[in-house]
Protein chains: 4
Amino acid sequence: MRNEIDQWVKQNELDIKTWRQEMHKIAEVGFCEYETTYYIFRKLEGLGFTLHTGRAVMNEEARFGVPSEKELAQHEDRALKNGVPTAFLETMKNGFTGVVAVLETEKDGPHTAMRFDIDALPIEEEVSHAHIPANNGFRSRNDGMMHACGHDGHAAIGLGIATFLSTLKERLSGTYTLIFQPAEEGSRGAKAVVENGWLNGVDFFLSGHLGIRSQPVGTLVSGATNILATTKIDARFTGKTAHAGMEPHKGKNAMLAAAAAVLNLHGIAPHGEGETRLNVGRFDAGSGRNIVPGEAFLQLETRGKSSIENAYMKEEAIRRLEGAAHMYDVALEYAIVGEGLAAETDKYFLDKIPNATQSSQFINEVKDRMPLNGSEDVTYMMRHVQEQGGSACYMIFGTPLAAGHHHKQFDFDEDALLVAVSALAHLVVE
Amino acid sequence: MRNEIDQWVKQNELDIKTWRQEMHKIAEVGFCEYETTYYIFRKLEGLGFTLHTGRAVMNEEARFGVPSEKELAQHEDRALKNGVPTAFLETMKNGFTGVVAVLETEKDGPHTAMRFDIDALPIEEEVSHAHIPANNGFRSRNDGMMHACGHDGHAAIGLGIATFLSTLKERLSGTYTLIFQPAEEGSRGAKAVVENGWLNGVDFFLSGHLGIRSQPVGTLVSGATNILATTKIDARFTGKTAHAGMEPHKGKNAMLAAAAAVLNLHGIAPHGEGETRLNVGRFDAGSGRNIVPGEAFLQLETRGKSSIENAYMKEEAIRRLEGAAHMYDVALEYAIVGEGLAAETDKYFLDKIPNATQSSQFINEVKDRMPLNGSEDVTYMMRHVQEQGGSACYMIFGTPLAAGHHHKQFDFDEDALLVAVSALAHLVVE
Amino acid sequence: MRNEIDQWVKQNELDIKTWRQEMHKIAEVGFCEYETTYYIFRKLEGLGFTLHTGRAVMNEEARFGVPSEKELAQHEDRALKNGVPTAFLETMKNGFTGVVAVLETEKDGPHTAMRFDIDALPIEEEVSHAHIPANNGFRSRNDGMMHACGHDGHAAIGLGIATFLSTLKERLSGTYTLIFQPAEEGSRGAKAVVENGWLNGVDFFLSGHLGIRSQPVGTLVSGATNILATTKIDARFTGKTAHAGMEPHKGKNAMLAAAAAVLNLHGIAPHGEGETRLNVGRFDAGSGRNIVPGEAFLQLETRGKSSIENAYMKEEAIRRLEGAAHMYDVALEYAIVGEGLAAETDKYFLDKIPNATQSSQFINEVKDRMPLNGSEDVTYMMRHVQEQGGSACYMIFGTPLAAGHHHKQFDFDEDALLVAVSALAHLVVE
Amino acid sequence: MRNEIDQWVKQNELDIKTWRQEMHKIAEVGFCEYETTYYIFRKLEGLGFTLHTGRAVMNEEARFGVPSEKELAQHEDRALKNGVPTAFLETMKNGFTGVVAVLETEKDGPHTAMRFDIDALPIEEEVSHAHIPANNGFRSRNDGMMHACGHDGHAAIGLGIATFLSTLKERLSGTYTLIFQPAEEGSRGAKAVVENGWLNGVDFFLSGHLGIRSQPVGTLVSGATNILATTKIDARFTGKTAHAGMEPHKGKNAMLAAAAAVLNLHGIAPHGEGETRLNVGRFDAGSGRNIVPGEAFLQLETRGKSSIENAYMKEEAIRRLEGAAHMYDVALEYAIVGEGLAAETDKYFLDKIPNATQSSQFINEVKDRMPLNGSEDVTYMMRHVQEQGGSACYMIFGTPLAAGHHHKQFDFDEDALLVAVSALAHLVVE
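Residues numbered from 1 in each chain as written. Chains lettered and ligands numbered in written order. Predicted model: local features only at pLDDT ≥ 70, side-chain atom pairs only at ≥ 80, totals over all residues. Heavy atoms only, no water.

Asks: What am I meant to see in the UniProt feature "binding site: Mn(2+)" (unreviewed entry) in chain A here?
Replies: Residue and element names in this part refer to chain A. Per the UniProt annotation, the sites labelled "binding site: Mn(2+)" (unreviewed entry) are Cys149, His151, Glu185, His209 and His406. Considering the C-alpha atoms alone, the annotated residues occupy 258 residues of sequence yet fold into one spot, their largest mutual distance being 13.9 Å. Tracing the backbone shows Cys149 in the loop between α6 (132-135) and α7 (151-168). Aside from chain neighbours lying at most four places away, what touches Cys149 is Leu121, His154, Glu185, His209, His405, His406 and Phe410. Mapped onto the elements, His151 comes out in helix α7. (UniProt positions renumbered as here; feature names shortened; annotations may be inferred. Helix = DSSP H or I, 4+ residues; strand = E, 2+ residues; numbered from the N terminus. Contact = heavy atoms within 4.5 Å.)

If you want it as structure tokens, here you go:
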């Protein structure tokens, strides 16, 4: 049967790559994946899965960092203009994107779940012809949004494996749940999926990521290590505007408070026990040039090797924000808008993966471990499965990278999609 | 005749205050005063002035800091929705707002010019009922824009004096040019008016400002001193984005460069010879929370008691920007997007004003001088007139202030409009 | 008699210049003027003044910013080595420097007081031959201390006028008090002199400064304006040291707190109503390179056109210090170690000085007013005299300057000393 | 024979602990260990070693970061006062401290070298009685210097093993070189020892450290990992002083440049591939409170998991320094005053140590590896030995710690000294 898998993958290569390119074109940021959700839904129709969308996918309260109603409405308008039917859009309104696809084989067997994240990033994609998506006509047509982390590939892998399971349905047993998850960026969506029960009773949980660092296509890492715990924070400083020429002393300068915070946040001492990270990703302050700025807004995140290091960073970060506000006598409000855990691939999978994928002609080398040094809210799912006695893994699918993740020239080798589908298919069949 | 003036002012009180409130409602930022220009044009029609609008008002190249075409287009859309006729709008397209109204008396006499600035600020106006415009229903209906510096009042004074001149036309001699100038905020519009020749051959130039600091209505300052020279600078830092967790060292952090610049810009030593000011009014950086920010944009301004102090501030400011860029290995581009000169009211007017206004019952006290401590691009006009041998003045029309200039609760006492019209009328008649 | 004055000054020119050079050589910082005090004492002996030294000069508690006992002891050691007799030194121990010299004429008449400050600055003096004191052999022989503000000249003027008064004693009436005041730098000594009663009952108070800005010798400014109010603050941040490699997260970084404070202190918005200043003059932090710094110490000062602007600066400064401490979770202690008031020369002297000095051949031009833009604790004396009904003045004695005040190449033209002595002598005789 | 070792250690326990306490009392910073060197020399006399001191120990040019002549002279004065004989002191003059002790057994055999660092830190030691050295009377009597990193213990271990070798001499073969190295702190002394040839031809190299993190006495780590590469930098900013009140704009503020540098240095992004560190350990700027600071001096260090990460940090650090200097138009001079390499314990020793020490009753547990996360210039020696084909190790001798390394309350359990001597003795005998 293993030969059949690879043959099947080869026959479906064009579809898989096309799906990726079409989704690359409709890049959408977290909780705004209206076009993407509709695209996935359409491709899954008729494959024999029960499809869940809208409020069924995520628990409303457990979502982190949902955009404002105004922003959501603008994205909904865009989706409407770009052809998402009103009725379907209505079910997703207010950021209820994503699809959960469940395949019941009607035969007893374990419950296997897989997760594919589907959101893009707020980056304006490269326009030069050196960038393949630009050159080959599938550059994002949604301004200011880009698949710069490979989630378009992840979604295409998901569609691939869904099609494969559909083909094979008669020979499978147990239950298969494919989760097309919104808002991984910022660690915002996974917890809400878990809270709606989709991981309850799952025995085997499969997930992974394309790229991370440049490796030849055909390399498979069976377990990413060092998935960092993370906290996402929004901070708003509110001071008082004043005429910058006449009465500068009457202003309470929120921008200076924020600038002082940013510099000092980046200077938090690293933790001696394990990696730590801090990034301020957005800074928006002031209204006009000759007005002492009365408002400033920051988006930041902390990370740590484990929750200990991350808790240290979070505590220090809040101290910096508070001190900066005090300096300039401005008010500070902050909110935790996302959190991610640390997690590890189970030994079960570290042993299983090399064996199961041995016969795949798409895979040249299986590596034991590679540090991710990033965060992933898939850890909520992994932990949930593990706490119930199931096994979870997080693989890395090797590919050369045109530029680093989150860079406007990010791109990967589409052949890596075939590796991923082949790997998952072999694991399922095993 | 002097008694007639005050009587005329009283009879027109309701009109003058209504004009102010109607223009307060349609607050528009510099070069985007499409509705305001149309409003002024309509009110001036039929008064006997030759009206100049569109490209006749300002020299295209001499305008500083014109918004992007995209922004202008959005404002043009708004104006269209709010009732500005397409044909009229067409003449103003791309930021050619403002009106120059010329009254030829057909009798020999001096050429008198007056300037009224008409633009608002990018501030969201106070909504609470303690704020009179909100309570009385004339709060700005244009989101994020507000008359927080009294230019609505200036424009109403201009309409008042235009009506007065019209009434009196038969008894006047010489030429009267009323300039309703766009984009005073940021010192962006005046120079372009001068370059189109409107101040050539002017003998007497009158201008002034409401408020500045709280004074009783009825107080008139005959010459503002300390109008600061100023330079407006836009700065853009361009670095490189990177994944903030995995490869922070591969990013070139433009936001940190900008934050370092802002803190150190505000720390430029004051000049020992005279006042200096620096304000960074806008800070916009980064795209997403987990992306090392690759772009940052600042809007700033320097000011100085004279061009010597301002030149010092400008030079130091550019040094801070350059050093910050070097620190973070990011590229720096900056542009000078506005400049204002220092200027002084002529002795001619310091002597003339107390006498000419003596009989006005609206004026209780004439003060010799009061420092402005702010900048005003009217100085381009004053200097131009003075260099040609004419005389120029810049008065202050006293009023209590509900809050400082450029504050969202800014408001003045509308009776001050009557004082201003009376003062100008007395000076014209004299 | 006026001719006699100038003749007398000419005859004593060599002495006056020699005194200045000898005191330049023994430059000593505030409260450590042991050699200088002894020098002045020796020169005053035998002139007929009652000389007060040691604890009689200043009230112990009212002295600001006295150096630590350890530092004082080091300076006392130095003075001993440099020839100050033990017995005389003993009376000055613990920073009780300075001399008050009182001349009773035994005839009824007004009480006239003059003040001459005698302290130097913690600056290493220029060594190059372009610097006249270095070239002519009177460079400071006390390492790290230099008369870079002209107080050596002030003290020489004081000795000059003392000698003059002594010569003229028979023809004078009333009382003359000459105060050779320690620790003007940092506004630390004057208040303590006032509190010991030396200004009680004074009718006329004369004081002044050499230089301020370059002017020709022979220029006399009868009243300095804009003497800034000031506050001197010491701040200590105490955190926790840690190994910078192994456990950086366990440190509490006092240096980072201080650096954040310094940047943000310098960024306090200027006051719109009048000049403000802030300077951090000392920063001392950390122990070793590989130790997270647990201690940091700052010396700073604020200034303002009046006590209103200075109070604003002081309040804001303390807020910045507090916020910085909070940011880094370090303790903050601060102390007010000096304060100076704003003050003005009385109209009495503004009128008197031009007349009284008219016949002086040393004086070419008397200017009415010139801004000082600096602080001076002589204001404690001026205010005290004025509050009791007396009159006070603060003159400026013009001289070209080789470099600005407080610069290591500071130097003045010694002929200005003759102008000053002549001016004071004319005022006394008048 | 193994039983004999432990017996010998027990018999010498009092001596070993006394040596440690006596050296704790005479704590001296790097290149100033005059008293300590003399103490060690005296204890080694008569044990049969050839003792090398003075310029024989270190190559003059290869020493990093030697204090100024003035500082060295002060330390030499102190040593003289504290009883180091003039003749002996003369040989060490100008920072030539340390002892190399060589034992020739006259029998063929391998060359074994051991290194013990002997310098202390510029920290004022805790005075409270909760701190054992203070309570038990061996607190540092040298002001501002303290053994806060356990090198007093290292030196005592060295004396212990020297005595042991001396006792056992008849039964040993080969050559034994014991290096009592100056100036480990700051990575300043080891390279100069290597350059004088002391590690040439060495077959086995033993070294180690007490503590690092709290562990029970009896724990031995056979190979520290993660010894960070490091660079030590001194930076001097030279601007221009000015009177802070009158002419602040004429100053070039070196302190602000340094403060900006410090904040931005601490904000260098961590390297994604491995640990990085940066610390500014000293900040010294300005002369007097009312003088715009013309000078600022920083001592800093970078570290990285390997020379790649350290090189990244060093390059970024220099960029920050340059940018800060440009911002304030001040001159920057910097010097590399110390460098340390990364290194690893050889597999030979990782295997050997557990076996060799198995029978020691002082050792309860041998751990394979533990990260040091710090820097150590012993790496110059390890690398030199390894490059010549020899084997090197760096052990950790477990002890509970009263406070972290480089903290004023740092202290360890003296029983750990016995563990270390026992471990080294077993390895030697093996």
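Asks: Mind showing me how you'd approach the interface of chain D and chain C here?
Replies: Accessible area lost upon the coming together of the parts is a frequently used measure of interface size. Across the contact, 56 residues belong to chain D and 56 residues belong to chain C. Each partner contributes to the roughly 4,600 Å² buried at the junction of chain D and chain C, and carbon and sulfur atoms together form 57% of this total. At the junction of chain D with chain C, the criterion picks out four salt bridges. Notably, a salt bridge pairs D:Asp284 with C:Arg282, separated by 3.1 Å at the nearest N-O pair. Every element with two or more residues in the side of chain D that touches chain C is listed here: β7 (229-238), α9 (254-265), β8 (276-285) and β9 (295-304) of chain D. (Buried area = accessible area lost by both parts, 1.4 Å probe. Salt bridge = Lys/Arg side-chain N within 4 Å of Asp/Glu carboxyl O.)

Asks: Where do I start with the UniProt feature "domain: Peptidase M20 dimerisation" (unreviewed entry) in chain A in this structure?
Replies: The feature "domain: Peptidase M20 dimerisation" (unreviewed entry), as annotated in UniProt, sits at residues 236-312 of chain A in this numbering. As annotated, residues 236-312 of chain A comprises 23% helix and 30% strand, and the C-alpha atoms at either end are separated by 21 Å.

Asks: What is the right way to read the relation of the copies chain D and chain A from this model?
Replies: When chain D is fitted onto chain A, the two copies agree to an RMSD of 0.1 Å after a turn of 180° and an axial shift of 0.1 Å. As the rotation angle and translation indicate, the two copies are arranged about a two-fold axis. Closest approach to the rotation axis among the C-alpha atoms of chain D is made by D:Gly267, whose C-alpha sits 2.1 Å away. A share of 100% of the interface residues of chain D reappears at the interface of chain A, consistent with the copies meeting face to face through the same patch. (Least-squares fit on C-alpha atoms with pLDDT ≥ 70 in both.)

Asks: So what exactly am I meant to see when it comes to the sheet that holds strand β6 (residues 219-225) of chain C here?
Replies: Sheet strands pair by backbone hydrogen bonding; their relative direction is either parallel or antiparallel. All names here are of chain C. Taken together, the eight strands give an open sheet; going across it, the order is β1-β2-β4-β3-β5-β12-β6-β11, and neighbouring strands pair in mixed fashion. Strands with a single pairing partner mark the edges of an open sheet, and in this sheet they are β1 (50-52) and β11 (365-371). Across the sheet, the mean angle from the axis of one strand to that of its neighbour is 25°, orientation sign disregarded. Relative to the sheet, helix α3 (residues 34-44) contacts β1, β2 (99-104) and β4 (175-181), its axis offset from that of β2 by approximately 15°. (Pairing = 2+ DSSP bridges. Axes fitted to C-alpha atoms, helices over the stretch in contact; angles between N-to-C directions.)

Asks: Before we go on, may I ask you to explain the side chain of D:Thr345 in this structure?
Replies: All names here are of chain D. Topologically, Thr345 is positioned in the loop between β10 (331-340) and α11 (347-356). Only 3.0 Å separates the side chain of Thr345 from the backbone nitrogen of Tyr394, close enough to count as a polar contact. Look past the residues within four positions of Thr345 in its chain and what remains in contact with it is Ser222, Gly223, Ala224, Leu350, Met382, Ala392, Cys393 and Tyr394. (Polar contact = N/O pair within 3.5 Å; in protein donor to acceptor, adjacent residues only side chain to side chain.)

Asks: What is the right way to look at the packing of α7(A) against helix α13 (residues 415-429) of chain A in this model?
Replies: Any two packed helices are characterised by how steeply their axes cross, that is the angle between the axes, and by the distance between the axes. All names here are of chain A. Between α7 and α13, the least distance of the axes is 9 Å, while the angle of their chain directions is 40°. When the axis of α7 is compared with that of α13, the two are oblique. Once α7 is placed against α13, the crossing between them reads as right-handed. Residues Gly153, Ile157, Gly160, Ile161, Phe164, Leu165 and Leu168 of α7 pack against Leu417, Ala420, Val421, Leu424, Ala425, Val428 and Val429 of α13. Taken together, the residues of the contact of α7 with α13 sort by class into 12 nonpolar, two polar and no charged. (Parallel < 35°, antiparallel > 145°, perpendicular 65-115°, else oblique. Left-handed = near helix turned anticlockwise from the far one by under 90°. Nonpolar A, V, L, I, M, F, W, Y, C, P; charged D, E, K, R; others polar.)

Asks: Please explain the interface of chain D and chain A as it appears in this structure.
Replies: Residue-level contacts link 12 residues of chain D with 12 residues of chain A. Counting every contact that joins chain D to chain A gives two salt bridges. One salt bridge in this structure joins A:Glu273 and D:Arg213, with 3.3 Å as the shortest N-O distance. At the boundary of chain D and chain A, one finds four residue pairs in polar contact (both at pLDDT 80 or more). Where the side of chain D that touches chain A is concerned, the elements lending two or more residues are α9 and β8 of chain D.

Asks: Sorry if this is basic, but what is going on with unusual backbone geometry here?
Replies: Of all residues except glycine, most have a negative phi; of all peptide bonds, most are trans. Of note in the backbone geometry, B:Asn94 takes a positive phi value of approximately 70° without being a glycine. With respect to the helices, strands and loops of the structure, B:Asn94 is situated in the loop between α5 (86-92) and β2 (99-104). We classify B:Asn94 as partly exposed; its relative accessible area is 30%. The phi torsion at C:Phe31 lies on the positive side, around 70°, for a residue other than glycine. Relative to the assigned elements, C:Phe31 resides in the loop between α2 (13-25) and α3. (Buried < 20%, exposed > 50% of the residue type's maximum accessible area, 1.4 Å probe, protein only.)

Asks: Sorry, what's going on with the state of the cysteines here?
Replies: A covalent bond bridging the sulfur atoms of two cysteines is what the word disulfide describes. Residue and element names in this part refer to chain C. Tallied over the entire structure, the rule returns zero disulfides over all chains. With no disulfide of its own, Cys149 lies closest to Cys32 among cysteine sulfurs, the gap being 17 Å. Take Cys149: its relative accessible area is 5%, and that puts it in the buried class. (Disulfide = S-S within 2.5 Å.)

Asks: Can you help me understand the sheet that holds strand β11 (residues 365-371) of chain A in this one?
Replies: Residue and element names in this part refer to chain A. Taken in spatial order, the eight strands of this open sheet run β1-β2-β4-β3-β5-β12-β6-β11, and their pairing is mixed. Of all strands in the sheet, those bounded by a partner on one side alone are β1 (50-52) and β11. Between one strand axis and the next, the sheet turns by 25° as a mean value, whatever way the strands run. Of the strand pairs in this sheet, strand β3 (residues 111-117) and strand β4 (residues 175-181) are connected by seven bridges, and their pairing is parallel. By the bridge assignment, Ala113 is partnered in β4 with Thr177. Helix α3 (residues 34-44) contacts β1, β2 (99-104) and β4 of the sheet and is inclined by roughly 15° relative to β2. Contacting β3, β4, β5 (204-214), β6 (219-225) and β12 (391-399), α13 crosses the sheet at an angle of about 155° to β12.

Asks: Explain the pattern of salt bridges to me, please; I cannot follow it from the model alone.
Replies: A side chain of one charge can pair with a side chain of the opposite charge if their charged atoms are brought near each other. Residue and element names in this part refer to chain C. Under the criterion given, the structure shown has 128 salt bridges over all chains. Across the pair Glu295 and Arg236 runs a salt bridge, and its minimum N-O distance is 3.8 Å. In this pair, Glu295 is assigned in strand β9 (residues 295-304) and Arg236 in strand β7 (residues 229-238), connecting sequence segments 59 residues apart. Taking relative accessible area as the criterion, Arg236 reaches 34% and is therefore assigned partly exposed.

Asks: Honestly, helix α13 (residues 415-429) of chain C in this entry has me stumped. Any pointers?
Replies: Three or four residues apart is the spacing at which side chains of an α-helix point the same way, because the helix has 3.6 residues per turn. With 15 residues, α13(C) should reach 21 Å at 1.5 Å per residue; the first-to-last C-alpha distance of 21 Å fits that figure. Burial within α13(C) is extensive, with 13 of its 15 residues counted as buried. (Expected span 1.5 Å × (residues − 1).)

Asks: Looking at this structure, I do not really get the domain arrangement of chain A. What am I missing?
Replies: All names here are of chain A. The domain boundaries assigned to chain A delineate domain 1 (2-226 + 343-429) and domain 2 (229-339). The centre of domain 1, based on its C-alpha atoms, is set 33 Å off from the matching centre of domain 2. Across the domain 1/domain 2 interface, buried area totals approximately 750 Å², and carbon plus sulfur atoms make up 43% of it. On the domain 1 side of the interface with domain 2, the three residues burying the most area are Phe64, Asn226 and Ser375, jointly 52% of the side's total. At the junction of domain 1 and domain 2, the tally comes to zero salt bridges. For the interface between domain 1 and domain 2, the tally reads five residue pairs in polar contact (both at pLDDT 80 or more). The residue inventory of the side of domain 1 that touches domain 2, partitioned by class, reads two nonpolar, seven polar and one charged. (Domains from an automatic or database assignment.)

Asks: Help me understand the packing of aromatic side chains, please; the structure alone is not making it clear to me.
Replies: Any two aromatic rings considered together are summarised by their centre-to-centre distance and by the angle between their planes. The final tally for this structure, using the stated rule, is 34 aromatic pairs over all chains. With a centroid separation of 5.3 Å and an interplanar angle of 20°, the aromatic rings of B:Phe204 and B:Tyr348 are classed as stacked. Taken together, the residues B:Phe204 in strand β5 (residues 204-214) and B:Tyr348 in helix α11 (residues 347-356) connect sequence positions 144 residues apart. Its relative accessible area of 24% is what places B:Phe204 among the partly exposed residues. With a relative accessible area of 35%, B:Tyr348 lands in the partly exposed category. Between the aromatic rings of C:Phe116 and C:Phe180, the centroid separation amounts to 5.5 Å while the plane-to-plane angle is 35°, which identifies the pairing as tilted. Highlighted residues: C:Phe116 in strand β3 (residues 111-117) and C:Phe180 in strand β4, separated in sequence by 64 residues. With relative accessibility at 5%, the residue C:Phe116 sits in the buried group. (Phe/Tyr/Trp six-rings, centres within 6.5 Å; stacked < 30°, edge-to-face > 60°.)

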